[in-house]
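Breakdown of the fold
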Amino acid sequence: VQAGPQQAKILWLSQRAIINHFNPKIESYAAVNHISQLSEEQVLEVVRANYDTLTLKLQDGLDQYERYSEQHKEAAFFKELVRSISTNVRRNLAFHTLSQEVLLKEFSTIS
């Protein structure tokens, strides 16, 4: 399942709400306890103590999504582009007149 732009925005807004809720509480905990670097356990303690006060806005449209596809919309374009370039190179490059050493040297300078 691939999230569309609307779902990505909703997810981002929820993440911002969580960060905005917990950051001041974590900073306050650190200040009250005179700690400059909290451990993972201390942060988890703050989160658990303040989880009940977290309020997230329910968003519409979370049940709708764009199906994931291995073949992106642009895949056909790029496939044809590569095919065209390959054909053009084969047509315009006379492999039979080049030695293997010269050919490898030419390909090693392609960037």
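Residues numbered from 1 in each chain as written. Predicted model: local features only at pLDDT ≥ 70, side-chain atom pairs only at ≥ 80, totals over all residues. Heavy atoms only, no water.

1. Observations regarding the pattern of salt bridges
Within the structure shown, the criterion is met by one salt bridge. Between E80 and R83 there is a salt bridge, and its shortest N-O distance comes to 3.6 Å. In this pair, E80 and R83 both sit in helix α3 (residues 75-92), three residues apart, roughly one turn of the helix. Relative accessible area serves as the criterion here: at 46%, E80 is assigned to the partly exposed category. (Salt bridge = Lys/Arg side-chain N within 4 Å of Asp/Glu carboxyl O. Helix = DSSP H or I, 4+ residues; strand = E, 2+ residues; numbered from the N terminus. Buried < 20%, exposed > 50% of the residue type's maximum accessible area, 1.4 Å probe, protein only.)

2. Structural notes on the packing of aromatic side chains
Any two aromatic rings considered together are summarised by their centre-to-centre distance and by the angle between their planes. Taken as a whole and judged by the stated rule, the model has one aromatic pair. Seen from their ring centres, F77 and F78 are 5.0 Å apart, and the 70 degrees between their planes marks the pair as edge-to-face. (Phe/Tyr/Trp six-rings, centres within 6.5 Å; stacked < 30°, edge-to-face > 60°.)

3. Some words on the side chain of H21
By secondary structure assignment, the location of H21 is in helix α1 (residues 5-32). A polar contact is formed between the side chain of H21 and the backbone oxygen of N50, at a distance of 3.1 Å. Side chain to side chain, H21 and T53 meet in a polar contact 3.1 Å long. Beyond its immediate sequence surroundings of up to four residues, H21 is in contact with N50, T53 and L54. (Polar contact = N/O pair within 3.5 Å; in protein donor to acceptor, adjacent residues only side chain to side chain. Contact = heavy atoms within 4.5 Å.)

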